[in-house]
Amino acid sequence: MAAYLSMGEAHRRITDYLGRFSDAVSSQDVASLKHILSLSSNSASLLSLADALNLLQDANRLIKQSDRFSQFAEIVAPLFRCIQNYRLGNLVDAYPAYEKAANAFIQEFRNWDSAWALEALYVIAYEIRVLAERADRELSANGKSPEKLKAAGSFLMKVFGVLAGKGPKRVGALYVTCQLFKVYFKLGTVHLCRSVIRSIETARIFDFEEFPQRDKVTYMYYTGRLEVYNENFTAADQKLSYALAHCNPHSEANIRMILKYLIPVKLSIGILPTDWLLEKYNLVEYRNIVQALKRGDLRLLRSALEAHEDRFLRSGVYLVLEKLELQVYQRLLKKIYIIQKQKDPSKAHQMKLEVIIKALRWLGIDMDLDEVECIVAILIHKNLVKGYFAHKSKVVVLSKQDPFPKLMGKPVNA
Amino acid sequence: MVIQLKHPPNLLSKRTISTKHGQSSDIRPFSVLGSTLDYLMSLMNSAAEPFETVHDFIFDRTRSIRQDLSMQNIVDKRVIHMYEKMVNFHVISHHKLRLRSSGPDSFNISSLHHLNMEQLAKVLTSLYNLYDLNRDHNSVVHKNEPEYRSLYVLLCLNSESLPEGERLSLWFRRVPSPVIKSKEMSFARRILRYFRMGNYSRFFSTIAAEASYLQYCALEPYIDKVRALAVLCINNGGYKLHPYPMAHLSNLLMMEESEVESFCNACGLETSLDEQGNKVLPTKQPAFNHPKAGYGEYGFSGLENICRTL
């Protein structure tokens, strides 16, 4: 297509872009500035600019042409290089050029007193991450070590530093934090989230309530997920529930993402979601798990975990769900107890280990006496069962009062 | 520490190369590094010196081999086998240093143990990166990758263990599917499940039946922890009039009977004899405590079988 582009037209497009850039800055027009900096929008104007740049090859001359443009040379020259590479599909070279432009931009941004350009900065933070991800994919595909996303993380920390001050720009810090979370989660270097979380939550310059709602929801979603991975279920419940309560009710995709982590947490503290909820947000992978908990059906829990193993491992909730087995055992024993109570209330509180073995065999699970005794001992230890076991008589003796204490919104004892 | 062994002199002088000043004449070529490493590994079983001396010697020299490899930026398949050997060294040291740490030099050895864990974490991370970098496009995993990946799980049964360690939930996200489905990883995941749930019965029987020597060495520190949990649960949940037979306990916990008795004592519990003269553990004793720094005092009944897998 460049063959159909004349030099004059190329000149015009580039000069036009430069003009729009400098006008946007001088009139503090953040909407236009956002548009100009957004690479991933793949807008027609960006693509046509890219063609012009690739034809002309030496845009620097045009930049230096007038003072109006040359004052932004440090930003625009690398940005042009980036756009050229981007158009040619060369993401590995596009990324460092964008980072250079972004770096020059934040030097200018620092000098502007008001926070007028904050949304443009958001665009830059977003683009840095997304470009780096694509560059790393390209590196991996060519058998090289991916390193751009790591660099993006360092750059975003720098941006965070620029916003972490007393002025009006500080409300942007949470957006950048969320971009950092996404970078660290992608890289698997999740422990790096700690320092930025500490800054947000303990620095006196920040007041959490001042941040934009959308960023607060994203922040609570990510920090909630971290609590899930660390198995702090009370804190995870609190954060993910916040995200759910303040999330845009029409954004079903976001609600689904939050529920994906909130449901395992709720299950761990004994709260079961309704079938309606699972259907509505297409979280049917949890359906059999909920059923297993209701019925004390160990086989169903294990088969549900196996059926969705990949999905649960990728989202990182597998280990949490696996631990629900203890609650399933509790439910199973409770059912046996109820049946025994119906047959002979005076003897119901004594449960032969053999009976438990039989119930498990009926579910297709083979367990010997030692293991059943062990499970009973653990359930007693964790206060899921009240009573004691008599080794010689191979019997569990349940407490006459409340032998199967409910979790009451608290996780099982560690 | 004086080393009495006779080494090929050029290969093994203690070296630390600062990355700024390493000259190309100082860096050993790949084939030399390979034979050096093989020689070092052969020293592992030498009885001439106490193990911590041998460990220290090999520790420094394998670290310098890694420096040479990384300065030459060798990251292809040839290096994988070398890193696997170095992991073997650190994992087996993990086990052997524990055995040595209830002696007179225990403070020094415990710091060697800690440093060894740190290096092990680094070497494992590098090895996993090498596996990822060298994975073929049809995503066939490297022959030993399942076992070496399983070691991370076993080292981290209790999430806080590995320095700067990634939570297992996060770590599993990036393990390739063929590794997840492998026999070695399935073993590790089951051991993890039994550990987390406190299923001491299956924990021990599964280790005896399925662990490789490396896997055993990696998870060994947790064995006494699970034993303590078992004793705690039995003491707390067992019927007062049915003291628990020690013979049965020793089978359950894969320990010699004499060792079980000493272990119960270390937990603050007393044992006694029943009417037939069998040793028993009375339950509902009030004074349970977790044994202090339970380093390497107690064996594992199935260990000879496991060692055969080496």
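Before any of the text, the structure's been laid out above.
About the thresholds
Residues numbered from 1 in each chain as written. Chains lettered and ligands numbered in written order. Predicted model: local features only at pLDDT ≥ 70, side-chain atom pairs only at ≥ 80, totals over all residues. Heavy atoms only, no water. Helix = DSSP H or I, 4+ residues; strand = E, 2+ residues; numbered from the N terminus. Buried < 20%, exposed > 50% of the residue type's maximum accessible area, 1.4 Å probe, protein only. Contact = heavy atoms within 4.5 Å. Areas by Shrake-Rupley, 256 points an atom, 1.4 Å probe, with all protein chains shown as cover. Pairing = 2+ DSSP bridges. Axes fitted to C-alpha atoms, helices over the stretch in contact; angles between N-to-C directions. Core = buried A, V, L, I, M, F, W, Y, C linked by side-chain atoms within 4.5 Å. Buried area = accessible area lost by both parts, 1.4 Å probe. Salt bridge = Lys/Arg side-chain N within 4 Å of Asp/Glu carboxyl O. Polar contact = N/O pair within 3.5 Å; in protein donor to acceptor, adjacent residues only side chain to side chain. Phe/Tyr/Trp six-rings, centres within 6.5 Å; stacked < 30°, edge-to-face > 60°. Lys NZ or Arg CZ within 6 Å of the ring centre and 35° of its normal. Patch = residues over 30% accessible without salt bridge, like charges linked within 9 Å, V, L, I, M, F, W, Y side chains within 5 Å. Lys, Arg positive; Asp, Glu negative; His and termini not counted. Charge placed at Lys NZ, Arg CZ, Asp CG, Glu CD. Parallel < 35°, antiparallel > 145°, perpendicular 65-115°, else oblique. Left-handed = near helix turned anticlockwise from the far one by under 90°. Nonpolar A, V, L, I, M, F, W, Y, C, P; charged D, E, K, R; others polar. Expected span 1.5 Å × (residues − 1).

Q: Quick question: what am I supposed to make of the overall build of chain B here?
A: When you go through chain B residue by residue, the secondary structure sums to 13 helices and three strands. For chain B, with 310 residues in total, the buried portion stands at 53%. Taking all contacts inside chain B whose residues are at least 6 apart in sequence as the whole, residues at least 24 apart take part in 69%. In the structure as shown, chain B presents an accessible area of about 14200 Å², 52% of it carried by carbon and sulfur atoms.

Q: When you look at the sheet that holds strand β3 (residues 395-398) of chain A in this model, what are you seeing that I'm missing?
A: Residues and elements named next belong to chain A. The three strands are arranged β1-β3-β2 in an open sheet whose pairing can be described as antiparallel. Since the sheet does not close on itself, it has two edges, and those belong to β1 (350-352) and β2 (387-390), each with one partner. Sheet twist, expressed as the mean angle between neighbouring strand axes with direction ignored, is 20 degrees. Inspection of the sheet shows β1 paired to β3 by three bridges, in the antiparallel sense. Along β3, the bridge assignment pairs Gln350 with Val397. Lying on the sheet, helix α22 (residues 369-381) is in contact with β2 and β3; it crosses β2 at an angle near 155 degrees.

Q: How should the sheet that holds strand β2 (residues 272-273) of chain B be read in this particular structure?
A: Note on sheets: strands pair through backbone hydrogen bonds, and any given pair is parallel or antiparallel. Residues and elements named next belong to chain B. The three strands lie next to each other as β1-β3-β2, forming an open sheet whose pairing is antiparallel. Edge positions in the sheet fall to β1 (244-245) and β2, since each of these pairs with one other strand and no more. Judged from the two bridges that link them, β1 and strand β3 (residues 279-281) form a sheet pairing that is antiparallel. By the bridge assignment, Pro245 is partnered in β3 with Val280.

Q: Is there a simple way to explain the nonpolar core in this structure?
A: Within soluble globular proteins, side chains that are nonpolar tend to cluster in buried spots. By size, the foremost hydrophobic cluster in this structure holds 256 residues, and its most contacted members are Phe105 of chain A together with Phe172, Tyr200 and Phe203 of chain B. Of the residues forming this core, the biggest block, 16 residues, is contributed by helix α10 (residues 213-237) of chain B. Discounting chain neighbours no more than four positions away, the residues touching Phe105 of chain A are Leu33, Leu37, Ile75, Trp112, Ala117, Ala120, Leu121 and Ile124 of chain A.

Q: Help me understand the interface of chain B and chain A in this model?
A: How large an interface is tends to be reported as the accessible area lost when its parts come together. Between chain B and chain A, the residue contacts involve 38 residues of the former and 44 residues of the latter. For the chain B and chain A pair, buried surface summed over both sides reaches about 3600 Å², with 53% attributable to carbon and sulfur atoms. It is Arg173, Arg196 and Met197 of chain B that lose the most area in chain B upon contact with chain A, and together they represent 21% of the buried surface on that side. At the junction of chain B with chain A, the criterion picks out four salt bridges. One salt bridge in this structure joins Glu322 of chain A and Arg193 of chain B, with 3.3 Å as the shortest N-O distance. Summed over the shared surface of chain B and chain A, the result is 18 residue pairs in polar contact (both at pLDDT 80 or more).

Q: Is there a simple way to explain the pairing of β2 of chain A in this structure?
A: Each regular strand displays side chains that alternate between the two surfaces of the sheet. Residue and element names in this part refer to chain A. Note: β2 against β3, four bridges, orientation antiparallel. Note that in β3 the partner of Phe389 across the bridge is Val396. Once β2 ends, the chain turns through four residues before running back antiparallel as β3, passing Lys394 with a positive phi of about 55 degrees.

Q: I keep staring at the packing of aromatic side chains and nothing clicks. Help me out?
A: Describing an aromatic ring pair means giving the distance of the ring centres and the angle of the ring planes. The tally for this structure, following the rule as stated, stands at 29 aromatic pairs over all chains. Geometrically, the ring pair formed by Phe206 of chain A and Phe211 of chain A is tilted, given 5.7 Å between the ring centres and 45 degrees between the ring planes. Of the two residues examined, Phe206 of chain A and Phe211 of chain A, each falls in the buried class. Taken together, the ring pairs connect Phe160, Phe181, Phe185, Phe206, Phe208, Phe211, Tyr219, Tyr221, Tyr222, Tyr229 and Tyr261 of chain A into an aromatic cluster. One cation-aromatic arrangement involves Arg61 of chain B over Phe57 of chain B; the distance from NZ or CZ to the ring centre is 3.9 Å.

Q: What is the right way to look at a positive patch on the surface in this model?
A: Residues and elements named next belong to chain A. Together, Lys343, Lys352, Lys358 and Arg361 make up a region of like positive charge exposed at the surface. Examined against the element boundaries, Lys343 turns out to sit in helix α20 (residues 325-343). Residue class for Lys343 comes out exposed when judged on its relative accessible area of 73%.

Q: Is there a simple way to think about the packing of helix α11 (residues 193-202) of chain A against helix α12 (residues 213-229) of chain A in this case?
A: Between two packed helices, what matters for the description is the angle formed by their axes and the separation of those axes. Residue and element names in this part refer to chain A. Two elements in contact, α11 and α12, have axes separated by 12 Å at closest approach and are oriented at 130 degrees. Comparing the axis directions of α11 and α12 gives the class oblique. For the pair α11 and α12, the sense of crossing is left-handed. Here Cys193, Ile197, Ile200 and Glu201 of α11 come into contact with α12, specifically with Tyr219, Thr223 and Leu226. Partitioning the contact of α11 with α12 into residue classes produces five nonpolar, one polar and one charged.

Q: In this structure, what is going on with helix α8 (residues 118-141) of chain A? I would like to understand it.
A: Each turn of an α-helix holds 3.6 residues, which means side chains three or four residues apart point in the same direction. Residue and element names in this part refer to chain A. Along its 24 residues, α8 runs 35 Å from first to last C-alpha, staying within 8% of the 34 Å computed at 1.5 Å per residue. Of all 24 residues making up α8, 17 are buried, and the element is well covered by its neighbours. Two residues or fewer after α8 comes Gly143, characterised by a positive phi angle close to 70 degrees.

Q: Which parts of the structure should I look at to understand the packing of helix α3 (residues 77-100) of chain B against α10 of chain B?
A: Residues and elements named next belong to chain B. Their axes nearest at 9 Å, the elements α3 and α10 cross at an angle of 40 degrees. Of the two elements, α3 crosses α10, and the hand of that crossing is left-handed. Contact residues: α3 offers Asn88, Val91, Ile92, His94, His95 and Arg98, while α10 offers Tyr213, Leu214, Tyr216, Cys217, Ala218, Glu220, Pro221 and Asp224. Broken down by class, the residue content of the contact of α3 with α10 amounts to eight nonpolar, three polar and three charged.

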